[in-house]
Amino acid sequence: MQEADTPAPTRGLGQALATNVGRVVVSIFVPIVAFIVLWVGFLFLRDSGADKLVIVAVAIVWGIGGVALLYVVANWLTEKLPDVWQRRILPFVFVGPAIAILAFYLLIPAVITAWESLLDANGAGFVGLDNYVYAFTNPDMLVAIRNNILWLVLGTLVSTGLGLAIAVLVERSRINRLAKTLIFLPMAISFVGASVIWRFVFSYQPEGQPQIGLLNAILGAFGIAPVSWLTGSPLNTILLVVILIWGQTGFAMVIIGAALKGVPDEMLEAGRIDGANEWQVFRRLIVPTIWPTIVTVATTIAILTLKVYDIVIAMTSGNFNTNVIATLMWDQAFKFFDQGRGAALAIILLIGVTPVIWYNLRQFRGRAI
Amino acid sequence: MKITWSRVAINLTVLTLIIIWTLPTLGLFITSFRTKEAISATGWWAAFGQGGFTLDNYNEVLFGGEGMATAFLNTLAVTVPAVVIPILIAAFAAYGFAWLDFPGRRFMFITVVGLLVVPLQIALIPVLTAYLAIDLNGTFLAIWLAHAGFGLALATYLLYNYISQLPKDLIESAALDGASHFTTFTRLILPLSVPALAAFAIFQFLWVWNDYLVATTFLGLNADVQVMTQRLVSITGSRGQDWQLLTSGAFVSMLVPVLVFLGLQRYFIRGLLAGSVKG
């Protein structure tokens, strides 16, 4: 309450400093205290030897309740402050924890990873760009980069193109609701689960034995010898991309389908009256109108293909020349314990998405927040 | 006449697509109920009328050495807090960005937008190093916080888009009634934001439940805490030809997300349409 006595709050250096310290403290207060409370509770739970189900239930209540409670406490403490201080500190009760967590989990790690990519395997000696030279000269890496390009081009173009085609077709069909649900459904299935599904489709038995994989059985029905689909490169990578396409086409279809509903009927009618056939209406009127949506969908899938990891691990563990940048990154960092190379590969992935980051920021620049 | 023929062609094409999209999953489903011998003797499409159906696969995969039942509980324990915690934190932040004024607001929000598509691979080594230093690796807490961190940018962005569109009068009249920002947020904004919260919740739920990379990095090899995707990958590695286990295991792992998806499809689509990029 002393604040009220001082005439118009002069923002001297000391006060500004205090304000900022207060903001930082509040921002970090929730995450740190939440962490300690959760951690202590966890140790207690783990050592109690309680039943799995009980541990799970308590962990859920503990985790969620703990975080919620801390916001209440942080707010309560802030409300005890004099008005001026409250106004300065309160916003950071709201946004501070999110910023602190983002900093801890993404921002600071990005900086550390960038630095580590210039160090040797143990993170001890400075090696300059050696890890990047390795990344662009090592034969395994070159195969991985080729594979990533296959993923990027095939995965993005086919998923988006098929999604667009199906979105248009389905609208004109009688079974559109069923079709949409069933084609969209693989979105709910993990890449690991999807990989098991497709491993079975690609399953191969030596000739003469019963083929239990759908694909080889179809070949057999035409009298063609069975093919070991997953052992030959680059066919195996292309077949792995099929799994991604199976999963992502539904996503493309739904998003593009929603945009199609926004295309004004009058415009299409006008086109038809002017003598355009259905293909021309599609090509000249529909596609240009929904182009921004198509780009968004393609970008989203492209980012996914750059980071693809699960499918490769679950299908081939990276054998038979199916590795991609993300699988080699993980192997380098956590299997061969070469931090420097692992970090360099992570940075290469980051560079891969930089155009999208730049685009997002540019889109945003004009917007008032 | 021409129009009817093109209708038939469209319906046939769509039907073919449905069949192509559904057959692989159907094959998995049918195979998961067949005995090991039956599976290797004939394709699943020839299963009917041959016998050889059983529920033992599920019994074995759930309660046998593969421990899918434990992994199911672990997945649940990982997923629920990893969905709720970031939503809570992001909702607070979204309100702050939308309705409070403070220095650095724009810069901080732009940082959030910039982080939307950053690949999480960038964080794996430093975060794991930090976790190892405080012996946190291999715990649920480690993976909750990691998922919260990785999901937070998208959550904040989506919820901001929604919360900042709420009518200004609403917030102002609450302030006139003497409500603090905290009260306004918990009593007014949160209930009004349920559609956006639900949309992101489904998104994050599918993401976490289906995640393999984050789990394998931060939960590691300790079978006590492993989630279902980890168990499945482990089965593909060690028993890759045991289709009775692979198919039933995969089906167990898919069941909940597929049901959630079918039940809440509308919310999920809304979430996707609100902005679907994630790093």
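Rules and cut-offs
- Residues numbered from 1 in each chain as written.
- Chains lettered and ligands numbered in written order.
- Predicted model: local features only at pLDDT ≥ 70, side-chain atom pairs only at ≥ 80, totals over all residues.
- Heavy atoms only, no water.
- Helix = DSSP H or I, 4+ residues; strand = E, 2+ residues; numbered from the N terminus.
- Rg over C-alpha atoms; globule rule 2.2 N^0.38 Å.
- Buried < 20%, exposed > 50% of the residue type's maximum accessible area, 1.4 Å probe, protein only.
- Areas by Shrake-Rupley, 256 points an atom, 1.4 Å probe, with all protein chains shown as cover.
- Lys, Arg positive; Asp, Glu negative; His and termini not counted.
- Charge placed at Lys NZ, Arg CZ, Asp CG, Glu CD.
- Contact = heavy atoms within 4.5 Å.
- Expected span 1.5 Å × (residues − 1).
- Buried area = accessible area lost by both parts, 1.4 Å probe.
- Salt bridge = Lys/Arg side-chain N within 4 Å of Asp/Glu carboxyl O.
- Polar contact = N/O pair within 3.5 Å; in protein donor to acceptor, adjacent residues only side chain to side chain.
- Nonpolar A, V, L, I, M, F, W, Y, C, P; charged D, E, K, R; others polar.
- Patch = residues over 30% accessible without salt bridge, like charges linked within 9 Å, V, L, I, M, F, W, Y side chains within 5 Å.
- Phe/Tyr/Trp six-rings, centres within 6.5 Å; stacked < 30°, edge-to-face > 60°.
- Lys NZ or Arg CZ within 6 Å of the ring centre and 35° of its normal.
- Axes fitted to C-alpha atoms, helices over the stretch in contact; angles between N-to-C directions.
- Parallel < 35°, antiparallel > 145°, perpendicular 65-115°, else oblique.
- Left-handed = near helix turned anticlockwise from the far one by under 90°.
- pLDDT = per-residue confidence, 0-100.

## As for the overall build of chain B
Counting its secondary structure elements, chain B contains 13 helices and zero strands. Going residue by residue from the N terminus, the α and β elements of chain B occur as α-α-α-α-α-α-α-α-α-α-α-α-α. In terms of overall dimensions, chain B is more spread out than a globule: its C-alpha atoms have a radius of gyration of 24 Å, far above the 19 Å expected for 279 residues. If one aligns the C-alpha atoms of chain B with their principal axes, the spans along those axes are about 75 × 70 × 30 Å. Within chain B, buried positions represent 60% of all 279 residues. Accessible surface computed for chain B: about 10,700 Å², of which carbon and sulfur atoms make up 67%. Treating the 13 positive side-chain charges of chain B as one cloud and the 12 negative ones as another, the clouds have centres 14 Å apart.

## Some thoughts on the overall build of chain A
Looking only at helices and strands, chain A features 15 helices and zero strands. Taking 2.2 N^0.38 as the reference for a compact globule, 369 residues should give roughly 21 Å; the C-alpha atoms of chain A span a radius of gyration of 28 Å, well beyond that estimate. Taken over the C-alpha atoms alone, chain A extends approximately 90 × 60 × 50 Å along its principal axes. Relative to its full complement of 369 residues, chain A shows a buried share of 50%. Considering only contacts in chain A between residues 6 or more positions apart, those separated by 24 or more positions represent 67%. For chain A, the computed accessible surface area is about 17,400 Å², with 68% contributed by carbon and sulfur atoms. Here chain A contributes 23 positively and 20 negatively charged side chains, and the mean placements of these two sets differ by 5 Å.

## Observations regarding helix 10 (residues 194–210) of chain B
Taking 1.5 Å per residue, 17 residues should reach 24 Å; helix 10 of chain B reaches 24 Å between its end C-alpha atoms and fits that length. Buried residues dominate helix 10 of chain B, accounting for 12 of its 17 residues. Taken as a whole, helix 10 of chain B has its buried residues at B:A196, B:L197, B:A199, B:F200, B:I202, B:F203, B:Q204, B:F205, B:L206, B:V208, B:W209 and B:N210. For helix 10 of chain B, the secondary structure elements touched by its buried residues are helix 13 (310–316) of chain A together with helix 4 (68–99), helix 7 (140–163), helix 9 (181–192), helix 12 (228–238) and helix 13 (243–273) of chain B.

## A closer look at the interface of chain A and chain B
With 110 residues of chain A at the contact, the number on the chain B side is 118 residues. Both sides together, the interface formed by chain A and chain B hides about 10,100 Å², and carbon and sulfur atoms give 80% of it. Where chain A packs against chain B, one counts zero salt bridges. Linking chain A with chain B are 11 residue pairs in polar contact (both at pLDDT 80 or more), by the criterion used here. Top element by residues in the side of chain A that touches chain B is helix 4 (residues 83–116) of chain A. It accounts for 19 residues. Considering only residue class, the side of chain A that touches chain B consists of 82 nonpolar, 16 polar and 12 charged.

## Considerations on a nonpolar patch on the surface
A surface patch of nonpolar side chains, amounting to about 420 Å² of accessible area, comprises A:V24, A:I28, A:I32, A:I36 and A:V40. With respect to the secondary-structure elements, A:V24 resides in helix 2 (residues 13–48).

## Points about the side chain of A:D331
All names here are of chain A. Structurally, D331 can be placed in helix 14 (residues 325–335). By relative accessible area, D331 is classed as buried at 12%. For D331, the residues in contact, after removing those within four places along its chain, are F336 and F337.

## Focus on the packing of aromatic side chains
The geometry of an aromatic ring pair is captured by two quantities: the separation of the ring centres and the angle between the planes. Across all of its chains, the model carries 33 aromatic pairs over all chains by this definition. With 5.2 Å between their ring centres and 65° between their planes, B:Y131 and B:F218 make a pair best called edge-to-face. Residue B:Y131 is found in helix 6 (residues 121–133), and its partner B:F218 is found in helix 11 (residues 213–218); the two are separated by 87 residues along the sequence. Considered together, B:Y131 and B:F218 belong to a single accessibility category, that of buried residues. Through successive ring pairs, a cluster of aromatic residues spans A:Y71, A:F94, B:F92, B:Y95, B:F182 and B:F185. Over the ring of A:W85 we find A:R88, and its NZ or CZ is 5.1 Å from the ring centre.

## Some thoughts on unusual backbone geometry
Leaving glycine aside, a negative phi is the common case for residues, and trans is the common case for peptide bonds. In this structure, the amide linkage connecting A:S233 to the following residue, A:P234, adopts the cis form with an omega of 0°. Phi at A:F320 takes a positive value of approximately 55°, unusual for a residue other than glycine. Along the chain, A:F320 turns up in the loop between helix 13 and helix 14. Judged by relative accessible area, A:F320 falls into the partly exposed class, the value being 43%. For B:D135, which is not a glycine, the phi torsion comes out positive at approximately 60°.

## Focus: the pattern of salt bridges
As enumerated under the stated definition, the model contains 10 salt bridges over all chains in all. The shortest N-O distance in the salt bridge between A:R172 and A:E278 comes to 3.4 Å. Here the residue A:R172 occupies a position in the loop between helix 6 (139–171) and helix 7 (176–184), and A:E278 occupies one in helix 12 (residues 278–306), the gap between them amounting to 106 residues. When its relative accessible area of 37% is taken as the criterion, A:E278 is described as partly exposed. Residues joined in a network through salt bridges with shared partners are B:K36, B:E66, B:R231, B:R239 and B:D242.

## Some points on the packing of helix 7 of chain B against helix 10 of chain B
All names here are of chain B. For the pair helix 7 and helix 10, the least separation of the axes is 10 Å and the interaxial angle reads 155°. Considered as vectors, helix 7 and helix 10 are oriented roughly antiparallel to each other. For the pair helix 7 and helix 10, the sense of crossing is right-handed. Residues H147, G151, L154, A155, L158, L159 and Y162 of helix 7 form the contact with helix 10, whose participating residues are P195, A196, L197, F200, F203, Q204, W207 and V208. Partitioning the contact of helix 7 with helix 10 into residue classes produces 12 nonpolar, three polar and no charged.

## With respect to the side chain of B:T31
When you line up the elements, B:T31 lands in helix 1 (residues 2–31). Apart from residues no more than four positions distant in its own chain, B:T31 is found in contact with A:F200, B:I39, B:W44, B:N57 and B:T247.

## Here we look at the environment of A:I189
By the secondary structure assignment, A:I189 is in the loop between helix 7 and helix 8 (191–201). Residue classification places A:I189 among the buried residues on the basis of a relative accessible area of 6%. If we ignore the near neighbours within four places in the chain, the residues touching A:I189 are A:A194, A:I197, A:W246, B:N210, B:M254 and B:V258.

## Structural notes on the confidence of the model for chain B
Model confidence for chain B is summarised by a mean pLDDT of 91, while 97% of its residues fall at 70 or above. Complex prediction metrics read pTM 0.92 and ipTM 0.94.

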